[in-house]
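Each chain, written out:
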Amino acid sequence: MSYIHIEKQFPQLLIFVILAFILLITSSLFSSGLLFPIIKAVSAQSAVTTTVQPYEITTRGNLPYPTSVQGNGYNNKYPLLNVQQLFNNCPNEIAIIVHGWPLNETQAKERFDRAKMSLEHDQYPVPIVGFSWESNTTWTNAKQIANENGPKLAHFIFDYKNTCKHQHNKDVNVRIVAHSLGARVVLSTLEGLNNIAAWNTNHFKITSVHLMGPAVDDEEVSRNPSDTGDSFLDDDIVYGKFIQKEVVHFFNLYDREDNMLKPALFPPVYYPAFEGDLPLGYQGKQAGIDSPPSSIYRDINVENEMRNIDDSDGDHKCDLPNPFIPGSCTINAVGENHLGYFGFRSAVNGTLIDDGAMNVVVSNWRNP
Ligand SMILES: [Ca+2]
Ligand SMILES: [Ca+2]
Ligand SMILES: [Ca+2]
Ligand SMILES: [Ca+2]
């Protein structure tokens, strides 16, 4: 009887002893001041500046394969790293940043630097690879060049994943973030990957794609070719099957107020006038099309991330002046600045004012 009694009491006794022991340890840590340095160390760590390693590759000059850009990043702020390092180190993940239209090399570097600052602000220290392509030409030429760049970027991505896998035994994650007409480069890249036999036999995938304010027709993410044909400049190709096959998570960040993408009653009207259709970045995929499942493809409204700031690149000029009214800027409200997705730069000292839609990108990376 008494034996059973002791056995029942024993767990409670044990808990009491453990609690007393914990109390003793913590109180002695407090009194000796040992616990305070631990708290201090934790808060100091969260204040440490996040650094994003900058790489850049280019196909400008109609190069058949992207080459590593030497020299410095935007405004000589830092040296660009050699891409060969990536192929040797194979970090767990990289983010390829693709710019839009119609940018020269300096402007491309400015976009990559803004993306870098926003990622640092959002404390996501992923190495970035800026993809600089020859977009500083007419809209029609730039569309053609964007298409041609897809297979080139596809081969680069394949070589990277393949080298890391078979020479360093590492599975690396490749993410892509593309702005505006850069979306056309990326859709063409997915088709290009699908055409690389060894990409398929290795079962490689792109970890995530973010299109930010994509300037491609709103049916191009369909899996059914018969969904195209609703406008006079259609490509007669849809990319939904490539999205589904090659990408783990695909995000379309759209903005109904974007001044390059929205249809408007009064000029200037850009994408809808150029193409006779609504862009994917205006209000998401076209209603009724056969898009990939929502486990892979998602539309996200980022209108409120585009603050009412008319100078995102810090050149003291309105990012999109009204060509019909001298001295008038088309950016007057939240959501309107098509150039704000990568963030906003101060015209006074070049630092970041706001991270644009990049916090949404980072949030999706952390929690797909
Ligand atoms: Ca359409
Ligand atoms: Ca169309
Ligand atoms: Ca500007
Ligand atoms: Ca933001």
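In this numbering scheme, every chain counts its residues from 1 along its sequence in written order. Going through the entries in the order they are written, you letter the chains from A and number the ligands from 1. In view of the model being predicted, local features appear only for residues whose pLDDT reaches at least 70, and side-chain atom pairs are presented and counted only at 80 or more, with totals across whole chains, interfaces and linings using the full set of residues.

1. Some words on the overall build of the protein chain
Then step 1. When you go through the protein chain residue by residue, the secondary structure sums to 11 helices and 10 strands.
Then step 2. Our exposure labels follow a C-beta count within 10 Å of each residue's own C-beta, placed from the backbone: buried means 20 or more other C-beta atoms, exposed means 12 or fewer, and partly exposed covers the counts in between. Counting across all 368 residues of the protein chain, residues that qualify as buried make up 42%.
Then step 3. Our contact criterion uses C-beta atoms placed from the backbone: two residues qualify when those atoms are within 7 Å. Sequence-distant contacts, at least 24 apart, represent 75% of the contacts inside the protein chain between residues at least 6 apart. Numbering goes from the N terminus for both helices and strands, where a helix is a DSSP run of H or I of at least four residues and a strand is a run of E of at least two.

2. Quick word on the sheet that holds strand S2 (residues 67-68)
Then step 1. Whether two strands pair comes down to DSSP finding at least two bridges between them. Judged by pairing direction, the sheet is mixed, and its 8 strands sit side by side in the order S2-S1-S4-S3-S5-S6-S7-S8 without closing on themselves. Two strands in the sheet have a free side with no partner beyond their single neighbour: S2 and strand S8 (297-301).
Then step 2. Packing of helix H4 (residues 105-121) onto the sheet brings it into contact with strand S1 (54-58), strand S3 (93-98), strand S4 (128-132) and strand S5 (173-179), and relative to S4 it is tilted by some 155 degrees. Note on geometry: axes are C-alpha line fits, over the in-contact stretch for helices, and angles between N-to-C directions span 0 to 180 degrees.

3. What to know about helix H5 (residues 139-168)
Then step 1. Here H5 is 30 residues long and its end C-alpha atoms lie 42 Å apart, about the 44 Å a rise of 1.5 Å per residue gives.
Then step 2. Bend is the name given here to the angle between axes fitted to two runs of seven residues, the run ending at a residue and the run starting at it. Helix geometry: H5 is bent most strongly at Asn149, by close to 30 degrees, with proline Pro151 lying one to four residues after it.
Then step 3. Following H5 by one or two positions, Asn169 adopts a phi angle in the positive range, close to 55 degrees. To estimate how far a helix should extend, the number of its residues minus one is multiplied by 1.5 Å.

4. Some thoughts on the packing of H5 against helix H6 (residues 182-194)
Then step 1. Interhelical geometry of H5 versus H6 gives an angle of 50 degrees and a closest axis separation of 7 Å. In terms of axis orientation, H5 runs oblique to H6. Crossing handedness for the pair H5 and H6: right-handed. Contact residues: Lys143, Ala146, Asn147, Asn149, Gly150, Pro151, Leu153, Ala154, Ile157 and Phe158 in H5; Arg184, Val185, Ser188, Thr189, Glu191, Gly192 and Leu193 in H6.
Then step 2. Residues of the contact of H5 with H6, tallied by class, amount to 8 nonpolar, 6 polar and 3 charged. Geometric relationships in this document are graded by angle, where less than 35 degrees denotes roughly parallel, more than 145 denotes roughly antiparallel, 65 to 115 denotes roughly perpendicular, and other angles denote oblique. Crossings are classed by handedness, with left-handed meaning an anticlockwise turn of the near helix from the far one by less than a right angle and right-handed meaning a clockwise turn. Classes in brief: Ala, Val, Leu, Ile, Met, Phe, Trp, Tyr, Cys and Pro nonpolar; Asp, Glu, Lys and Arg charged; the others, Gly included, polar.

5. A word on the nonpolar core
Then step 1. Within the largest apolar cluster, 77 residues are counted, with the highest numbers of intra-cluster contacts made by Ile96, Ile97, Ile128, Ala178, Ala183 and Val186.
Then step 2. Ranked by the residues each element gives to this core, the list is headed by H5, at 9 residues. Put simply, a nonpolar core is a cluster of buried Ala, Val, Leu, Ile, Met, Phe, Trp, Tyr and Cys residues tied together by C-beta atoms within 7 Å.

6. So, the environment of Phe156
Then step 1. Within the element layout of this structure, Phe156 appears in helix H5.
Then step 2. Counting along the chain gives 89 residues from Phe156 to Thr67, while the straight-line C-alpha distance between them is 9.2 Å.
Then step 3. If we skip the residues at most four places from it in the chain, Phe156 touches Ile57 and Pro66.

7. Section: the pairing of S3
Then step 1. Taken across its 6 residues, S3 has 5 buried, putting it largely inside the fold.
Then step 2. As defined by bridge partners, S3 adjoins S5 across 6 bridges and the pair is classed as parallel. Each bridged residue has a counterpart across the sheet, and for Ile97 the counterpart in S5 is Val177.
Then step 3. Relative to S4, S3 runs parallel, the two sharing 4 bridges. When the bridges of S4 are listed, Ala95 appears paired with Ile128.

8. Points about the confidence of the model for the protein chain
Then step 1. Values of pLDDT, the confidence the predictor places in each residue, fall between 0 and 100. Per-residue confidence for the protein chain averages 91 on the pLDDT scale, and 87% of its residues sit at or above 70.
Then step 2. For the stretch residues 1-10, pLDDT sits under 50, and the model shows 0 contacts to residues farther than four places along the chain or on other chains.
Then step 3. Note on residues 22-45: pLDDT is under 50 here. Beyond four places in sequence and across chains, it has 3 contacts.

9. Re H6
Each full turn of the α-helix corresponds to 3.6 residues, which orients residues three or four apart in the same direction.
Then step 1. Its 13 residues place the ends of H6 19 Å apart at the C-alpha level, agreeing with the 18 Å of an ideal helix rising 1.5 Å per residue.
Then step 2. Counting buried positions along H6 yields 11 of 13 residues, so the element is predominantly enclosed.

10. A few points about unusual backbone geometry
Excluding glycine, most residues fall at negative phi; most peptide bonds, likewise, are trans.
Then step 1. With an omega dihedral of -10 degrees, the bond running from Trp101 to Pro102 counts as a cis peptide bond.
Then step 2. Counting through the fold element by element, Pro102 comes out in the loop between S3 and H4.
Then step 3. Note the cis peptide between Pro267 and Pro268, where omega equals 5 degrees.
Then step 4. Turning to its location among the elements, Pro268 is positioned in the loop between strand S7 (247-254) and helix H9 (271-275).
Then step 5. Within the chain, Asn62 stands out as a residue other than glycine whose phi angle is a positive 55 degrees.
Then step 6. Assignment of secondary structure puts Asn62 in the loop between S1 and S2.
Then step 7. Residue classification places Asn62 among the exposed residues on the basis of 10 C-beta atoms within 10 Å.

11. Focus: the environment of Glu305
Then step 1. Here Glu305 lies in the loop between S8 and strand S9 (344-345).
Then step 2. The exposure class assigned to Glu305 is buried, which follows from the 22 C-beta atoms found within 10 Å.
Then step 3. When the C-alpha positions of Glu305 and Asn359 are compared, they lie 8.6 Å apart, and in sequence the two are 54 residues distant.
Then step 4. When neighbours within four sequence positions are excluded, Glu305 is seen to be in contact with Gly356, Ala357 and Val360.

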